[in-house]
Amino acid sequence: MMVTTTFEFTGYRIREYKGLVRGIIVRSPTIKQGCLGGFAQILGGQIHAYAEMCEQTRQQAYEQLVEHATAMGANAIVGLRYDASELGGKSPATEVLCYGTAVVIEQQSRV
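Residues numbered from 1 in each chain as written. Predicted model: local features only at pLDDT ≥ 70, side-chain atom pairs only at ≥ 80, totals over all residues. Heavy atoms only, no water.

Chemist: Which residues make up the pattern of salt bridges, and what values do they have?
Modeler: Per the stated rule, a full pass over the model turns up four salt bridges. Taking the shortest distance from any N to any O, the salt bridge between Lys-18 and Glu-16 comes out at 3.2 Å. Since its relative accessible area comes to 28%, Lys-18 is described here as partly exposed. With relative accessibility at 34%, the residue Glu-16 sits in the partly exposed group. (Salt bridge = Lys/Arg side-chain N within 4 Å of Asp/Glu carboxyl O. Buried < 20%, exposed > 50% of the residue type's maximum accessible area, 1.4 Å probe, protein only.)

What follows is the structure in structure tokens.
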């Protein structure tokens, strides 16, 4: 699956637009990540435990996005974007949304 943040692929043309695709994951830190993150907040600096959790969450949302596009019959995704928000409450969580447009592309013929 070819994926880009732009709206075209050099050397290819979009033959068909399949529609909006997305992957969404909501996660909260594990006990270990929460403890390590809490210590890092006290000491200051980068919170590696939270960064790892966020990267895993982004990867899972991306994988869902690709699965969604594949199920729609697409072979590429254009306009890829990520969005994230915090969900409050007693156990805070992070929502990560990965979205784009599923398309069918074909290589342009050389003249």
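Chemist: If you had to explain the side chain of Thr-4 to someone new, which residues and values would you point to?
Modeler: Summarising the element assignment, Thr-4 is placed in the loop between strand 1 (2-3) and strand 2 (12-27). Accessibility expressed as a relative area gives 15% for Thr-4, which makes it buried. Residues contacting Thr-4, with those up to four places away along its chain left out, are Phe-9, Ile-77, Val-78, Gly-79 and Leu-80. (Helix = DSSP H or I, 4+ residues; strand = E, 2+ residues; numbered from the N terminus. Contact = heavy atoms within 4.5 Å.)

Chemist: Got a sec to walk through the nonpolar core? Specific residues and values, please.
Modeler: Val-21, Ile-25, Ala-61, Leu-65, Val-66, Ala-69, Ala-74, Ile-77, Leu-80, Val-96, Cys-98 and Ala-102 form the largest nonpolar core, which has 12 residues in total. Of all the elements in the fold, those that place two or more residues in this core are strand 2, helix 2 (48-71), strand 3 (76-87) and strand 4 (93-107). Top contributing element to this core by residue count: helix 2, with four residues. Other than its neighbours up to four places away in sequence, Cys-98 contacts Val-21, Arg-22, Gly-23, Ala-61, Tyr-62, Leu-65, Leu-80, Arg-81 and Tyr-82. In this structure, Phe-9, Ala-76, Val-78 and Val-103 belong to the second largest nonpolar core, which totals six residues. (Core = buried A, V, L, I, M, F, W, Y, C linked by side-chain atoms within 4.5 Å.)

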